[in-house]
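# Observations on the three-dimensional arrangement
Below, each chain spelled out in residue letters.
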Amino acid sequence: MYSMAIPEEVKDYVEKNIKLMLTQTETYLPFIKIAFPYSRNLADGVYNLIMGSALSVFINQYAIRMKYPTADDFSEFGKLSFKYREQVDQFFK
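Read on for a plain summary of the structure. Along each chain, numbering runs from 1 in the same order as the chain's sequence is written. Two thresholds apply to this predicted model, a pLDDT of at least 70 for residue-level local features and 80 or more for giving and counting side-chain atom pairs, whereas whole-chain, interface and lining totals are computed over all residues. Values shown for side chains rest on all heavy atoms present in the structure; no hydrogens or waters enter the calculation.

## Overview of the nonpolar core
Throughout this description, the term nonpolar core refers to a set of buried Ala, Val, Leu, Ile, Met, Phe, Trp, Tyr and Cys residues connected via side-chain atoms within 4.5 Å. Any residue under 20% of the maximum accessible area for its type is buried, any over 50% is exposed, and the rest in between are partly exposed; the area is computed with a 1.4 Å probe on protein chains only. Counting 21 residues, the largest nonpolar core has Val14, Ile18, Leu22, Ile50, Met51, Phe58 and Val88 as the members making the most contacts within it. Put simply, DSSP marks the helices as runs of H or I at least four residues long and the strands as runs of E at least two long, and each gets a number from the N terminus on. For this core, the secondary structure elements donating two or more residues are α1 (8-35), α2 (42-64), α3 (71-82) and α4 (85-91). Looking at this core, the element that brings in the most residues is α2, giving 9 residues. Sequence-distant contacts of methionine 51, defined by excluding residues within four places in its chain, comprise Ile18, Phe77, Ser81 and Tyr84. The contact rule is simple, with two residues in contact once any of their heavy atoms fall within 4.5 Å.

## Structural notes on the layout of surface pockets
Put simply, the largest pocket is a space of about 190 Å³. What lines the largest pocket is simply Met21, Gln24, Thr25, Tyr28, Phe31, Ile32, Phe36, Val46, Leu49 and Ile50. Here the residues of the lining of the largest pocket are counted per class, giving 8 nonpolar, 2 polar and no charged. Here a cavity is any set of points on a 1 Å grid over the protein atoms alone where a 1.4 Å probe fits but cannot get out, and a pocket is any open set with protein on both sides within 12 Å along at least 5 of 7 lines; a residue lines the site when it has an atom within 4 Å of a point. Grid points are joined across faces, edges and corners, and a volume is the space filled by probe spheres set on the points. Charged means Asp, Glu, Lys or Arg here, nonpolar means Ala, Val, Leu, Ile, Met, Phe, Trp, Tyr, Cys or Pro, and polar covers whatever is left, Gly included.

## Concerning the packing of α2 against α3
Every angle, taken between N-to-C directions, lies between 0 and 180 degrees, and every axis is a line fitted to C-alpha atoms, over only the stretch in contact when it is a helix. Where α2 contacts α3, the two axes come as close as 11 Å, and the packing angle between them is 140°. Put simply, α2 runs oblique to α3. Crossing geometry of α2 relative to α3 is assigned as right-handed. Of the residues in α3, those touching α2 at Tyr47, Met51, Ala54, Leu55, Phe58, Ile59 and Tyr62 are Asp73, Phe74, Phe77, Ser81 and Phe82. Per-class residue counts for the contact of α2 with α3 are 10 nonpolar, 1 polar and 1 charged. Note that the term roughly parallel is reserved for angles under 35 degrees, roughly antiparallel for angles over 145, roughly perpendicular for angles of 65 to 115, and oblique for everything else. For a crossing to be left-handed, the near helix must be turned anticlockwise from the far one by less than a right angle; the clockwise case is right-handed.

## Quick notes on α2
With 23 residues, α2 ought to run about 33 Å at 1.5 Å a step, and its terminal C-alpha atoms sit 33 Å apart, in line with that. Of the surrounding secondary structure, the elements contacted by the buried residues of α2 are α1, α3 and α4. The N-cap residue of α2 is asparagine 41: its side-chain oxygen and the backbone nitrogen of alanine 43 are 3.1 Å apart. To estimate how far a helix should extend, the number of its residues minus one is multiplied by 1.5 Å. Throughout this description, a polar contact denotes any pair of N or O atoms lying within 3.5 Å of each other; where both atoms belong to protein, one of them has to be capable of donating a hydrogen while the other can accept it, and for residues adjacent in sequence the pair is counted only when both atoms sit in side chains.

## Focus on the packing of α1 against α2
The geometry of a pair of packed helices is captured by two quantities: the angle between their axes and the separation between those axes. The N-to-C vectors of α1 and α2 enclose an angle of 150°; their axes lie 9 Å apart at closest approach. Considered as vectors, α1 and α2 are oriented roughly antiparallel to each other. Crossing of α1 over α2 shows right-handed handedness. Contact with α1, carried on its side by Val10, Tyr13, Val14, Asn17, Ile18, Met21, Leu22, Thr25, Ile32 and Lys33, involves Leu42, Val46, Ile50, Met51, Ser53, Ala54, Val57, Phe58, Gln61 and Tyr62 of α2 and no other residues of that element. Classifying every residue of the contact of α1 with α2 gives 15 nonpolar, 4 polar and 1 charged.

Structural data, given as structure tokens:
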């Protein structure tokens, strides 16, 4: 059986951060759409902003544990973050 490379407590912390940012995005969505009417793809911008923040949280969680993420850890982070892509897209449909 395959297990994730990311420690469970790091994964949980990162996902809580992503979910918080998604909730905040949903709250601010009317403002975002008004403030940036000429942006071609707000979903991409918002997704990149959220995942950039999540990546920072991910790396900081390893630093707190005095460890370095491996290539497998980064790969798993990519898989973890991608599952939220559709949710961000739906905000802008």
